[in-house]
Amino acid sequence: MAEQGVLQEERTLSETPSEEEELVAGLRAGSDAHATRFVRANAGWMRAVAFRLVRDDGLADDCVQEALIKALRNIGKFEGRSKLTTWLHRITVNEALMKLRNRKRLQEDLIDPLLPDFDENACRIEAPWTKRSTAEEILSQAEQREVVLSKIRDLPESYRIVLMLRDIEELDTAEVAEALGISEGNVKVRLHRARAALKKLLEPLLRGDAL
Amino acid sequence: MTPSYGSKAWRFMKGAMLRNLPLMITCRQFEDFLLDYVEGSLPAGQRRVFEFHIKICRECRDYLAAYREATKLGKQSFDDPAAPLPDDVPEDLITAVLEARRSTPEP
Ligand SMILES: [Zn+2]
């Protein structure tokens, strides 16, 4: 499964403005040729987005199928204020979130063991760092990338989703709050805890110790 | 006498100092401000207090640097230049979408 940054996908696959207008006009007119072009151009990166969130090939395919059908049905509602790929990205994310909600409720998972440590004086407990590897150094080894991805998958679900939507899918706080039906304050608390937990999970890599 | 760095007595004194001196925050309060600080949304006054804590607290300084690097590492782990663009979309998925569209009357 290819894991591509969404910005990269949009850069690679989005059409120039005039091409996009022509495509949208064709879709609104009900052209089969335009619909085929639209589906083939977008299904791939949409599948990568859906897979990042639901982590299951079959569910990801379902998301893409339903998102594309919705997009084609609602192309009349696409206002052209955002790019077509941004609009499709939001539809795909919403389908993936719906799948996750159906599979199991986003329960309040136990994240406490992964949060930072403080003593009884409210002082932080943090072992000294003698050296710290950079993200680039760590990712120069392919097997370490897999370790990082697996640590993100290990995050409690309700925190992982917020981290994915904010840091990877690059939705803003208000968009994540709306998509998940929670307050913006709650989004910020969850994002911070998810990052703090990820820091703890990635600490052996960052300190250069064996995992 | 001065308690040795990191000892129980040293921590007690550090905690008391951070709690009681003006313009100081505890490490727990630092934690509450952290996301707004890294997102650049902390008002100037609070930012100065936060940055003063970074100067005087080795633990929070180390923690913040590791938190930033871990966040960056998480983001970058999804940008794999070696990964091919996903072109393995099943043909029947594409067919199903196009058929669903043909069978749906215009709203
Ligand atoms: Zn501190």
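Calculation rules
- Throughout this description, residue numbers start from 1 for each chain and increase along the sequence as written.
- To label them, take the chains in the order written and letter them from A, then take the ligands in the order written and number them from 1.
- Under the rules for a predicted model, residues below a pLDDT of 70 receive no local features and side-chain atom pairs below 80 are neither given nor counted, while totals for whole chains, interfaces and linings still include all residues.
- Hydrogens and water are ignored here; the side-chain numbers use all heavy atoms of the structure.
- UniProt positions are given in the numbering used here, feature names are shortened, and annotations may be inferred rather than shown by experiment.
- Secondary structure elements follow DSSP: runs of H or I no shorter than four residues count as helices, runs of E no shorter than two count as strands, and numbering proceeds from the N terminus.
- Metal donors: N, O and S atoms at distances within 2.8 Å, or within 3.2 Å for Na, K and Ca, with water omitted from the atom set so that some sites may seem incomplete.
- The rule is simple: four donors are tetrahedral if all their angles sit between 85 and 135 degrees, four are square planar and six octahedral if opposite donors span more than 155 degrees and the others lie between 65 and 115, and anything that fits none of that is irregular.
- Burial classification: accessible surface area is computed with a 1.4 Å probe over protein chains only, and a residue below 20% of its type maximum counts as buried, one above 50% as exposed, and the rest as partly exposed.
- Within this document, salt bridges are pairs made up of a side-chain nitrogen of Lys or Arg and a carboxyl oxygen of Asp or Glu, the two lying within 4 Å of each other.
- Only heavy atoms matter for contacts: two residues are in contact if any of them lie within 4.5 Å across the pair.

For chain B, the name recorded in an unreviewed UniProt entry is Putative zinc-finger domain-containing protein, with Pelagibius litoralis as its organism.

Chain A has the name Sigma-70 family RNA polymerase sigma factor in an unreviewed UniProt entry, where Pelagibius litoralis is given as its organism. Taken from UniProt, the Sequence similarities (unreviewed entry) comment for chain A reads in full: "Belongs to the sigma-70 factor family. ECF subfamily."

J.: Account for the UniProt feature "domain: Putative zinc-finger" (unreviewed entry) in chain B, with residues named and values stated.
T.: The feature "domain: Putative zinc-finger" (unreviewed entry), as given by UniProt, occupies residues 27–61 of chain B in the numbering adopted here. Span residues 27–61 of chain B is 83% helix and 0% strand, its end C-alpha atoms 10 Å apart.

J.: Please provide a residue-by-residue account of the coordination of the zinc ion, values included.
T.: Residue and element names in this part refer to chain B. Taken together, C27 (SG), H53 (NE2), C57 (SG) and C60 (SG) make up the protein donors of the zinc ion, found 2.1 to 2.4 Å from the metal. Geometry at the zinc ion is tetrahedral, judged from the four donor atoms that bind it and their angles of 102 to 113° at the metal. Spacing between the donor residues of the zinc ion along the chain follows C-x25-H-x3-C-x2-C. Take H53 and C57: they sit in the same class, and that class is buried.

J.: Can you tell me about the UniProt feature "domain: RNA polymerase sigma factor 70 region 4 type" (unreviewed entry) in chain A, naming the residues and giving the values?
T.: UniProt marks residues 148–198 of chain A with the feature "domain: RNA polymerase sigma factor 70 region 4 type" (unreviewed entry), using the numbering shown here. Along residues 148–198 of chain A one finds 82% helix and 0% strand; the C-alpha atoms at either end are 9 Å apart.

J.: Before we move on, could you go through the pattern of salt bridges and cite the residues and values that matter?
T.: Summed over all chains, the structure comprises 27 salt bridges over all chains. Salt-bridge contacts for E91 of chain B lead to R40 of chain A; the nearest nitrogen and oxygen are separated by 2.6 Å. In this pair, E91 of chain B is assigned in helix α5 (residues 91–103) and R40 of chain A in helix α3 (residues 32–54), connecting two distinct chains. Two residues, R11 of chain B and D119 of chain A, come together in a salt bridge whose shortest N-O distance is 2.8 Å. One end of the pair, R11 of chain B, is in helix α1 (residues 8–20); the other, D119 of chain A, is in the loop between β1 (117–118) and β2 (124–125), on a second chain. Each member of the pair, R11 of chain B as well as D119 of chain A, carries the same accessibility label: buried. Salt bridges sharing partners connect three or more residues here, namely E126, K199, E203 and R207 of chain A.

J.: I'd like a description of the environment of I54 of chain B, backed by residues and values.
T.: Residues and elements named next belong to chain B. Within the secondary structure, I54 is located in helix α3 (residues 44–56). Taking the C-alpha atoms as reference points, I54 and L23, 31 residues apart in sequence, are found 13 Å from one another. Those residues in contact with I54 that sit more than four places away from it in its chain are F30, Y37, R61 and L64.

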